[in-house]
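# Coordinates in review
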Amino acid sequence: MAGYAMGLKCDSCGGEFSLRDPLTTCPNCGGLLEVQYDMAAMRRELKVIGGSPEYDSIWRYRQFFPSVEEQNIVTLGEGRTPLVKSVHLAGKLGIDNLYYKNDTMMPTGSFKDRGFSLAVSYAKELGVRRGFTYSSGNAGASFAAYSSRGMFNALALVEYIANPVKKAMIQLYGAQAAVLDYENFGQITAMLEQAAERLGLYQFVNFINPIRHEAMKTYAYEITEQLGRVPDAMFHPVGTGGGIFGAYKGYCELAHLGFTDQIPRMYGVQPAAAAHFKAAFDAGLPEAAAYGDCTKTIAQSIASDSPIQGGRRVLRAVYQSGGAALGVEDGDILEAMRDLAKDGIAGEPSAAAPVAAFKQAYEKGLVKASDTAVCVITGSAFKQPGAIKEAAGEPVTHIRADIDELEKLIVRLRL
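Structural notes, computed from the coordinates. (Residues numbered from 1 in each chain as written. Predicted model: local features only at pLDDT ≥ 70, side-chain atom pairs only at ≥ 80, totals over all residues. Heavy atoms only, no water.)

## Some details on unusual backbone geometry
Operational definition: A run of DSSP states H or I qualifies as a helix once it reaches four residues; a run of E qualifies as a strand once it reaches two. Both are numbered from the N-terminal end.
The phi dihedral of R80 falls on the positive side, at around 55°, and the residue is not glycine. One non-glycine residue with positive phi stands out, namely M151, at about 55°. Mapped onto the secondary structure, M151 falls in the loop between helix 4 (138-149) and strand 7 (153-159).

Following this line, the structure appears as structure tokens:
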């Protein structure tokens, strides 16, 4: 395989492995694997961030990925989403540079499409033809869409508490699906880690799969190109944490390559009901443990009560960037959905959580009015229609189809 990617390295034991082997976790110790690049060659040779202008998708940045031959690329036009400057919330708070990275406009309506485009393509490159993932809903739908598109045999295990619409989307896209019952999230992480050793079936779960989060580096590349600079702060919802860690890795690469001398403060956002990263961060710990109840929040997509392998990567990104792990209450998430909608973007609760966290951080002085901040809006509100009704309700005013009635209404509303 040509390109700048050199191999896989284990976070835990330091073991190094070939990119040609269809590995998920480390075969020596079960640790997480990370793609390593020839940064010296990249610094010498790369003069622009986006090196493949023929692609209007994440593949514009394929020079930053493990190499995939053209015939194996599975793309639906994911990525390259708008960076929208806030008008409503920024005006309300009296700040100048608040932006939303609007990934509600992805092919399946969520940011998961970035990761699955690359992961499924890379699996095809390796000759892998079947695999599975665990999902709270959005990942399962995305995996199903890209697997079907790439003629890949896919199984999605979806949480029993997932929204019915998300469960149905997995089947609509054509993947095999099974509902996953469990008492606590630790059972899921244990099952996934054991499956890597025992079943020999290729996994697409964040971090257990070493490729998915590589695509999340494109947040750094896209935002830097769109802004013309690196932001001061970035707020990202966190479930397993592939999004925030991938974005952080992307910013670190840009710094190593000389495209920037700044890395944003990374803020990981969870529902307060199950904020294990916040609990660890507040205690200054390098690892997170089980915490809270993931069934007690409206933010289903980021509701987990324990992280994969202690969440060390997520906490490292937060600590090393000077950011924080934050928890937000459901009431604040619903308010953030309304604020976001007034800026023209309908985000599901998990996607609106970064907006609630930004407001919290601003009130605490973690971000200043002069900072440039980006909130990543990861999924469409239409993925969780019940939450739209909870946040906004339905119109209660009724009038007859009569011009006099309409005139009275206009006067009353002072239009």
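## Here we look at the nonpolar core
We count it as follows: Remark: nonpolar core denotes a set of buried residues (Ala, Val, Leu, Ile, Met, Phe, Trp, Tyr, Cys) joined through side-chain atoms within 4.5 Å. Exposure classes here rest on a 1.4 Å probe applied to the protein chains alone. A residue is buried below 20% of its type maximum, exposed above 50%, and partly exposed in between. Here, two residues are considered to be in contact whenever any of their heavy atoms come within 4.5 Å of each other.
One finds W59, F64, Y202, F204, Y219 and M234 to be the most contacted residues of the largest nonpolar core, which totals 82 residues. Once you skip the residues sitting within four places of it in the chain, M234 turns out to touch Y219, I223, A247, Y251, P264, R265, M266, Y267, V374 and V376.

## A closer look at the pattern of salt bridges
Put simply, the rule is: By salt bridge we mean one thing: a side-chain nitrogen of Lys or Arg within 4 Å of a carboxyl oxygen of Asp or Glu.
Inspection of every chain in the model, using the stated rule, returns 25 salt bridges. Linking E253 and K217 is a salt bridge whose minimum nitrogen-to-oxygen distance equals 2.9 Å. Taken together, the residues E253 in helix 9 (residues 242-256) and K217 in the loop between helix 7 (212-215) and helix 8 (218-227) connect sequence positions 36 residues apart. For D371, the salt bridge identified is with R265, shortest N-O distance 2.9 Å. In this pair, D371 sits in the loop between helix 13 (349-364) and strand 13 (372-377) while R265 sits in strand 11 (residues 265-271), placing the two residues 106 residues apart along the sequence. Here D371 and R265 have matching classes, each one buried. Through salt bridges with shared partners, a single network forms among D11, E34, E214, K217, K249, E253 and R313.

## Describing the environment of A273
With respect to the secondary-structure elements, A273 resides in the loop between strand 11 and helix 10 (276-282). Residue A273 is classed as partly exposed on the basis of its relative accessible area, which comes to 25%. Among residues more than four places away in sequence, those in contact with A273 are G292, D293, K296 and T297.

## Comments concerning the packing of helix 8 against helix 9
Threshold: Note on geometry: axes are lines fitted to C-alpha atoms, helical ones only across the stretch in contact, with angles between N-to-C directions running from 0 to 180 degrees. An angle below 35 degrees is read as roughly parallel, one above 145 as roughly antiparallel, one from 65 to 115 as roughly perpendicular, and any other as oblique. The nonpolar class holds Ala, Val, Leu, Ile, Met, Phe, Trp, Tyr, Cys and Pro. Asp, Glu, Lys and Arg form the charged class, and all remaining residues, Gly among them, are polar.
Contact pair helix 8 / helix 9: the axes reach a minimum separation of 6 Å and the direction vectors enclose 60°. Comparing their axes, helix 9 and helix 8 come out oblique. Where helix 8 approaches helix 9, its residues Y219, A220, Y221, I223 and T224 are matched on the opposing element by G243, A247, G250, Y251, E253 and L254. Split by residue class, the contact of helix 8 with helix 9 holds seven nonpolar, three polar and one charged.

## Re a nonpolar patch on the surface
For clarity, the threshold we go by: Patch membership is restricted to residues that have no salt bridge and whose relative accessible area is over 30%. Joining uses 9 Å for like charges and 5 Å for the nonpolar side chains Val, Leu, Ile, Met, Phe, Trp and Tyr. Here the Shrake-Rupley method, with its probe set to 1.4 Å, supplies the accessible areas, and only the displayed protein chains count as covering residues.
Taken together, the side chains of I399, I403, L406, I410, L413 and L415 make up a nonpolar region of the molecular surface, amounting to roughly 600 Å² of accessible area. You can see I399 is positioned in the loop between helix 14 (385-392) and helix 15 (403-413). We classify I399 as partly exposed; its relative accessible area is 38%.

## Overview of the sheet that holds strand 5 (residues 97-102)
Worth spelling out the cut-off: Two strands are counted as paired when DSSP detects at least two bridges linking them.
With mixed pairing, six strands are arranged side by side in an open sheet as 4-5-13-10-11-12. With one partner strand each, in any of the chains shown, strand 4 (83-85) and strand 12 (324-328) form the two edges of the open sheet. In this sheet, neighbouring strand axes are inclined to one another by 25° on average, regardless of whether the strands run parallel or antiparallel. Here helix 8 sits on the sheet in contact with strand 4, strand 5, strand 10 (233-237) and strand 13, set at roughly 130° to strand 5.

Worth remembering: the numbers are spatial, not functional.
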